[in-house]
Amino acid sequence: MLLITQTISFYNSMDLDSQPEPLRKLISFIAKKAKADRDYYVDPLLEQDLEVLPLFAKTLSLEPEPELISLIRQIVSLVISMDPKWKKLISLCPQVAVRLEKGKLHVDEEFLWETKDKWCCFPIFWLKFRSTGEDATHFFCRGCNGKNHNENNKAPVEIKHPLHPRHSLRLALLRKSNETRQCYCCDVSLQEIFYYCSACDYAMNIACVEKPPVYSIDHSKWHEHTLALFPRQTPFACSLCSLTHTSCPFYICPPCDFVAHQRCISLPRVIRISRHPHRISFTHSFVQGDWSCCVCRRKTDSDYGGYSCIKEGCSYVAHSKCATQKNVWDGKELDGIPEEDEKVEPPFVRISDGIIKHFSHQHHHLRLDENTGRDYDVNKLCQACIMPIYSGNFYSCMQCDYILHEKCANLSRKMHHPIHPHMLTLKVGSRGLVEQSVDPCSACPWKCKAGFFYECEQQDKDEYLFKLHVQCATMSEPLVHKSHEHSLFLTSKPGEQRRCSVCKKLEQFSTNETFNCIECDYFALCFGCATLPQEVRYEHDKHMLTLSYGEETCITTYWCDICEQKIDPKERFYTCGEYCCVTLHIECLLGQDLYVKPGSSWISFSFIGEKIYVRANDHHMTRPICSHCKKRCPHKIVLESSGSKFCSTSCVGYFLSTKVNTAGHREYLQRRGYGNYEFSALT
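Basis of the calculations
- Residues numbered from 1 in each chain as written.
- Predicted model: local features only at pLDDT ≥ 70, side-chain atom pairs only at ≥ 80, totals over all residues.
- Heavy atoms only, no water.
- Helix = DSSP H or I, 4+ residues; strand = E, 2+ residues; numbered from the N terminus.
- Buried < 20%, exposed > 50% of the residue type's maximum accessible area, 1.4 Å probe, protein only.
- Polar contact = N/O pair within 3.5 Å; in protein donor to acceptor, adjacent residues only side chain to side chain.
- Contact = heavy atoms within 4.5 Å.
- Salt bridge = Lys/Arg side-chain N within 4 Å of Asp/Glu carboxyl O.
- Phe/Tyr/Trp six-rings, centres within 6.5 Å; stacked < 30°, edge-to-face > 60°.
- Lys NZ or Arg CZ within 6 Å of the ring centre and 35° of its normal.
- Pairing = 2+ DSSP bridges.
- pLDDT = per-residue confidence, 0-100.
- Core = buried A, V, L, I, M, F, W, Y, C linked by side-chain atoms within 4.5 Å.
- Axes fitted to C-alpha atoms, helices over the stretch in contact; angles between N-to-C directions.

A. Spotlight on the overall build of the protein chain. Helix and strand counts for the protein chain stand at 14 helices and 40 strands. Within the protein chain, the proportion of its 683 residues that are buried is 48%.

See the structure below:
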């Protein structure tokens, strides 16, 4: 109470005009906001209050530290010290930093971390770990590496472990990387801090280190004799999964020549995976024949175990490792659990012939339009896929301008998708505010919440919700695509990245799945390219345009009818096949940002809560000039933020990032050493 009394007394007596400008502005802002909140209710999501972040950052970085800030910091520190949940956490103090390159770990440098910043040691900035259960058990303070946290127990920085008796293991910090690497003991990716032996390139997660090894087990499910632990890294073929890798301890029965990975001992008996509609069960060996795994599409060995379909007459088989990948299996053992029919509510109720009541538009009825001779209207967008009505039938509202492709109106309310292990639910897109950081599709670079999208409702609390816009959700394997001569399959492993053979990009999404050719082995197609429409309409051509994938030997010069610039004949472009000589860049026709509709908006937390509006571009002589690239906005939409207009999300991103840097927010984070980490890690 003494500190609080002292703080209040100091605040009441202080001359605000004599304080540093950032502190003065911060106090003024908080006072005005407090008054506004008393006078009327303010929606915190819409208001955001994130304009205070730059002021907060500048105030905390003032030297010398203002007395008011010092008193507040002491109060915060005292309150935190009284909370038992912080004291029980074990402090991790890594001694080395390592980087992951091509699957191998390399010691980067001796780990040194020093700072004079007194704020960075507060728990809000800690990186927390859960070694077991739901609650955090360990933490890493990026500011002091444990030096200022003597009240917490500290994990040992160097250990000897029975599974690796030859060398000591040191506590290591993993530098941020797009690659992943599994722990030696479990089938889980290494966390940011783990125990590591540089001599053997041997790594174990903290949870595995804390778990005492079991030297012998009786497991009648897999073998009739007692199995003994064999920790040495030796390339034996596992009897249950057929793999010979050495990244996991073995249990063996020498008289029977039975070998099983530690992780394979816990294989489930009966499971359901996303790649197959029926349940599959484990078998110790397959019937002799020419079988291929239906997940990775590679040969299976009849002498080793795997999974096969339980339905009579179904020949689906899969490797043990493939069937239990985290991107296809939900982790549930179904042995002994009766199978129930999944009831799915229909997407609409049929009122009469050609008239329906759709779940997404409950207050009006929709009528089926089967007029094939209608004029093409570029501004008519399907509310589900946010694409124009190029051809075919569609439903239109009898009282407003709401329309749906017939195919989109029939989208199932629930579905299983091959790239995600849980059931997905169809959601209606936002007609207003969308939060940017949770908006992108999990499989491609486009946004998905403006239209209909499928979302997982069972995601772990520490991860973003998995979602797919309807274009990606309706893609399945085998995929027959005009970009390649062979059928394509989803064969990617968890964490694996392949460069798309069409757009040549290596993108980072929630899932890195690509459609891959099992005959060529080198060809991969990303979801972004796979979902581009093969046929489109152009408002100044009466024919359908088709997507051309270019010709390596073509010497013809093509010109885009919209931007009047050259088209590279070796790249993709849209063209009319009816001798109209119309050719168009993909971006010029579809825009740089697909599936974004005029009238929507979103808030970008990455850029201090800036609100970004989507406006229609009228394409007349008054087309606005982009505030970033300084060119006329050529696409169907224009983005607006803080009174400035932009032609694309990339331009608005570059512009706002400059604004954020000027405001000092990023410098504030970098001063505290967070430049190499995701911002989400701070929450």
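B. Region of interest: the side chain of Gln471. Here Gln471 shows up in helix α10 (residues 470-473). A polar side-chain atom of Gln471 sits 3.0 Å from the main-chain carbonyl oxygen of Cys385. The contact partners of Gln471, leaving out residues within four places of it in the chain, are Cys385, Met387, Thr531 and Tyr595.

C. Summary view of the pattern of salt bridges. Enumeration over the complete set of coordinates arrives at 13 salt bridges. A salt bridge links Arg99 to Glu101, with the nearest nitrogen and oxygen atoms 2.9 Å apart. Owing to a relative accessible area of 28%, Arg99 belongs among the partly exposed residues under this scheme. Across the pair Lys299 and Asp290 runs a salt bridge whose closest N-O atoms are separated by 2.5 Å. Through salt bridges that share partners, Lys427, Glu455 and Glu457 make up one connected network.

D. Structural view of the packing of aromatic side chains. Within this structure, the stated rule accounts for 10 aromatic pairs. For the pair Tyr558 and Phe573, a centre-to-centre distance of 5.0 Å together with 40° between the ring planes defines the contact as tilted. Remark: Phe573 occurs in strand β35 (residues 573-576) and Tyr558 occurs in strand β33 (residues 558-559); sequence separation between them is 15 residues. Residue Tyr558 is classed as partly exposed on the basis of its relative accessible area of 21%. Between the NZ or CZ atom of Arg413 and the centre of the ring of Phe359, over which it lies, the distance is 3.8 Å.

E. Examining the pairing of β35 more closely. Burial along β35 is two-sided: the residues Phe573 and Thr575 and Tyr574 and Cys576 are all buried. Sheet analysis places strand β32 (residues 544-548) next to β35, joined by four bridges and oriented antiparallel. From the neighbouring strand, Leu545 faces β35, where its bridge partner is Cys576. The sheet contact formed by β35 and strand β36 (residues 583-584) spans two bridges and is antiparallel. In the sheet register, Thr575 faces β36, and the bridge partner there is Thr583.

F. Structural view of the confidence of the model for the protein chain. The predicted model of the protein chain averages 80 in pLDDT, with 82% of residues at 70 or higher. Of the regions scoring below 50 in pLDDT, residues 40-50 engages in 17 contacts with residues more than four places distant in sequence or in other chains. Counting contacts from residues 432-438, a segment whose pLDDT is below 50, to residues more than four positions away or on other chains yields 24 contacts.

G. Representation of the side chain of Asn327 within the structure. Along the chain, Asn327 falls in the loop between α8 (320-323) and β18 (348-352). A polar contact is formed between the side chain of Asn327 and the side chain of Gln325, at a distance of 2.9 Å. Here Glu513 takes part through its side chain, which lies 2.8 Å from a polar atom of the side chain of Asn327. If near-sequence neighbours (up to four positions away) are discounted, Asn327 is found in contact with Ser274, Arg275, Pro418, Ile419, His420, Pro421, Ser492, Pro494 and Glu513.

H. Local environment of the sheet that holds β36. Spatial ordering of the open sheet is given by β31-β32-β35-β36, a layout of four strands whose pairing is antiparallel. Where the open sheet ends on each side, the last strands, each with one partner, are β31 (535-537) and β36.

I. Examining the environment of Gly146 more closely. Within the secondary structure layout, Gly146 lies in the loop between β5 (138-140) and β6 (158-161). Discounting residues that sit within four places of it in the chain, Gly146 has contacts with Ser91, Cys93, Cys141 and Lys154.

J. Local environment of the nonpolar core. The biggest cluster of nonpolar side chains holds 74 residues, and the ones touching the most others in it are Leu468, Phe515, Leu525, Phe527, Leu545 and Leu590. For this core, the element with the highest residue contribution is helix α12 (residues 586-590), accounting for four residues. Discounting residues that sit within four places of it in the chain, Phe527 has contacts with His417, Ile419, Ala443, Cys444, Cys472, Met475, Leu490, Glu513 and Phe515. Membership of the second largest hydrophobic core comes to 62 residues, among which are Leu169, Phe282, Cys293 and Tyr316.

K. Quick peek at the sheet that holds strand β11 (residues 226-230). The strand order across the open sheet built from four strands is β10-β11-β12-β13, with neighbouring strands paired in antiparallel fashion. Each having just a single partner strand, β10 (216-218) and β13 (258-261) make up the two edges of the open sheet. Along the sheet, successive strands turn relative to each other by an average axial angle of 30°, direction set aside. In this structure, β10 lies alongside β11, joined through three bridges in antiparallel fashion. Directly across from Ser216, in β11, lies its bridge partner Ala228.

L. Fine view of the environment of Phe452. For Phe452, the location among the structural elements is in the loop between β25 (433-435) and β26 (453-456). With a relative accessible area of 1%, Phe452 lands in the buried category. Note: C-alpha distance between Phe452 and Leu411 (41 residues apart in sequence) is 9.5 Å.

M. Representation of the pairing of strand β16 (residues 306-309) within the structure. Where burial is concerned, the two faces of β16 agree: the one with Gly306 and Ser308 and the one with Tyr307 and Cys309 are both buried. Two elements, strand β15 (residues 279-283) and β16, share four bridges in a ladder whose sense is antiparallel. Counterpart to Ser281 in the pairing with β16 is Ser308. Strand direction decides the pairing type here: β16 and strand β17 (residues 317-319), joined by three bridges, are antiparallel. Bridged to Tyr307 within β17 is Ala318.

N. Here's a closer look at unusual backbone geometry. Omega for the bond connecting Glu477 with Pro478 falls within 30 degrees of zero, at -5°, which places this linkage in the cis form. Along the chain, the position of Pro478 falls in the loop between α10 and β28 (488-490). One non-glycine residue, Asn145, lies in the positive phi region at around 55°. For Asn145, the location among the structural elements is in the loop between β5 and β6. The phi angle at Lys630 is positive, at roughly 65°, despite the residue not being glycine. Inspection of the secondary structure puts Lys630 in the loop between β38 (610-616) and β39 (637-641).

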